[in-house]
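# Examining the three-dimensional arrangement
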Amino acid sequence: MIELIKQQRYFISGITVSGGEATLQLPFIIQLFERVKSDPELSHLTCFIDSNGYLPQTGWQRVEPWLDGVMVDLKAWQQETHQWLVGRSNHKVIASITYLASIGKLHELRLLHIPGKSDLDSQLNDLVRLINTLPEDLVVRLNAFQHHGVVGEALQWEKCSELEMTRFHQLLAGKISQPIKLPTVYT
């Protein structure tokens, strides 16, 4: 990987590790980021993780010395809704969000909107309370549910249209000071 990154170093500004859940490969990420940051030819590159936020604080602490930022997905506010959507509670996700923000490593909070399924719009006041504790320069990215990569029952769920996402954006925009990014593609 280091050799591949070196070949591209003039054309990229950083590295983002993502995938199913990138932090499942935490030892690899730590080693990769440590090598990037200690290599004079690569040390200018940023090192980011795209995560579901389920890594415990001790894991974040292990990678923190080489980490520039994390993009974390929050798929639902209520424990029951999050459990139903992804099979686990959101307690660790919210703990990761607050911890990463406290150490200046939360780069982006991603909110998934699934019409009629997720609860971020119906639990807006609680969501806003959390966001308002986060840095003002944090990017809040709204993600519109689509059928890409989806299997099973979720293929029957309604896709999130641009109109629906605009409605959700309008609910949120006047209540937080952080910049909000909308999806650029709806398919």
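By the naming in an unreviewed UniProt entry, the chain goes by Radical SAM core domain-containing protein and is assigned to Vibrio brasiliensis LMG 20546. Under the heading Cofactor (unreviewed entry), UniProt records this for the chain: "[4Fe-4S] cluster".

### Regarding the UniProt feature "domain: Radical SAM core" (unreviewed entry) in the chain
This chain's UniProt record puts "domain: Radical SAM core" (unreviewed entry) on residues 3–119. Annotated as residues 3–119, this span is 39% helix and 21% strand, and its ends, taken at the C-alpha atoms, are 44 Å apart.

### Section: the packing of aromatic side chains
The relation between two aromatic rings is expressed through the spacing of the ring centres and the mutual angle of the planes. Counting across every chain of the model gives 2 aromatic pairs. With a centroid separation of 5.7 Å and an interplanar angle of 50°, the aromatic rings of phenylalanine 145 and tryptophan 157 are classed as tilted. Here tryptophan 157 lies in the loop between β5 (139–144) and α7 (162–173) and phenylalanine 145 lies in the loop between β5 and α7, a separation of 12 residues in the sequence. Residues phenylalanine 145 and tryptophan 157 agree in their burial class; the two are buried. An aromatic cluster of three or more residues is present, and its members are Trp84, Phe145 and Trp157. Across from the ring centre of tyrosine 54, 4.4 Å away, lies the NZ or CZ of arginine 88, which sits over that ring.

### Examining helix α5 (residues 91–102)
Given a rise of 1.5 Å per residue, 12 residues ought to cover 16 Å, and the 17 Å separating the end C-alpha atoms of α5 matches this to within 8%. Turning to α5, its buried residues are Val93, Ile94, Ser96, Ile97, Tyr99, Leu100 and Ala101. In this fold, the buried residues of α5 make contact with α3 (57–63), β3 (69–74), α4 (79–86), β4 (106–113) and α6 (124–131).

### Observations regarding a nonpolar patch on the surface
Where nonpolar side chains cluster on the molecular surface, the patch consists of Met1, Leu4 and Phe28 and spans about 320 Å² of accessible area. Phenylalanine 28 sits in the partly exposed class, given a relative accessible area of 39%.

### Points about the environment of lysine 117
In this fold, lysine 117 is placed in the loop between β4 and α6. Given a relative accessible area of 30%, lysine 117 falls into the partly exposed group. If near-sequence neighbours (up to four positions away) are discounted, lysine 117 is found in contact with Thr81, Trp84 and Trp157.

### Structural notes on the sheet that holds strand β1 (residues 14–17)
Strand order in the open sheet formed by 6 strands is β1-β2-β3-β4-β5-β6, with parallel pairing between adjacent strands. With one partner strand each, in any of the chains shown, β1 and β6 (180–181) form the two edges of the open sheet. Across 4 bridges, β1 lies against strand β2 (residues 46–51) in parallel orientation. Opposite isoleucine 15, over in β2, you have cysteine 47 as the bridge partner. Running over the sheet, α6 touches β3, β4 and β5 and is turned about 170° from β4. Most of the contacts of α7 go to β5, to which it runs at about 155°, and overall it touches β4, β5 and β6.

### Remarks on the pairing of β3
The buried fraction of β3 amounts to 6 of the 6 residues, a majority that puts the element mostly inside the structure. Burial along β3 is two-sided: Gly69, Met71 and Asp73 and Val70, Val72 and Leu74, pointing in opposite directions, are all buried. As paired elements, β2 and β3 share 4 bridges and run parallel to each other. Paired with aspartate 50 across the two strands is methionine 71, which belongs to β3. Note that the unit made of β2, α3 and β3 has a crossover that is right-handed. Alignment of β3 against β4, held across 5 bridges, turns out to be parallel. Bridge assignment links methionine 71 to a residue of β4, and that residue is glutamate 108.

### What to know about α4
For α4, the full list of buried residues reads Thr81, His82 and Leu85. For α4, the buried positions fall inside an angular range of 95° around the axis, keeping them on one side. Tucked into the core, α4 has its buried residues touching α5. The positive-phi residue at the C-terminal boundary of α4 is glycine 87, with phi of around 85°.

Cut-offs used in this document
- Residues numbered from 1 in each chain as written.
- Predicted model: local features only at pLDDT ≥ 70, side-chain atom pairs only at ≥ 80, totals over all residues.
- Heavy atoms only, no water.
- UniProt positions renumbered as here; feature names shortened; annotations may be inferred.
- Helix = DSSP H or I, 4+ residues; strand = E, 2+ residues; numbered from the N terminus.
- Phe/Tyr/Trp six-rings, centres within 6.5 Å; stacked < 30°, edge-to-face > 60°.
- Buried < 20%, exposed > 50% of the residue type's maximum accessible area, 1.4 Å probe, protein only.
- Lys NZ or Arg CZ within 6 Å of the ring centre and 35° of its normal.
- Expected span 1.5 Å × (residues − 1).
- Contact = heavy atoms within 4.5 Å.
- Patch = residues over 30% accessible without salt bridge, like charges linked within 9 Å, V, L, I, M, F, W, Y side chains within 5 Å.
- Areas by Shrake-Rupley, 256 points an atom, 1.4 Å probe, with all protein chains shown as cover.
- Salt bridge = Lys/Arg side-chain N within 4 Å of Asp/Glu carboxyl O.
- Pairing = 2+ DSSP bridges.
- Axes fitted to C-alpha atoms, helices over the stretch in contact; angles between N-to-C directions.
- Right-handed = clockwise from strand over helix to strand, strands pointing away.
- Arc of directions from axis to C-beta.

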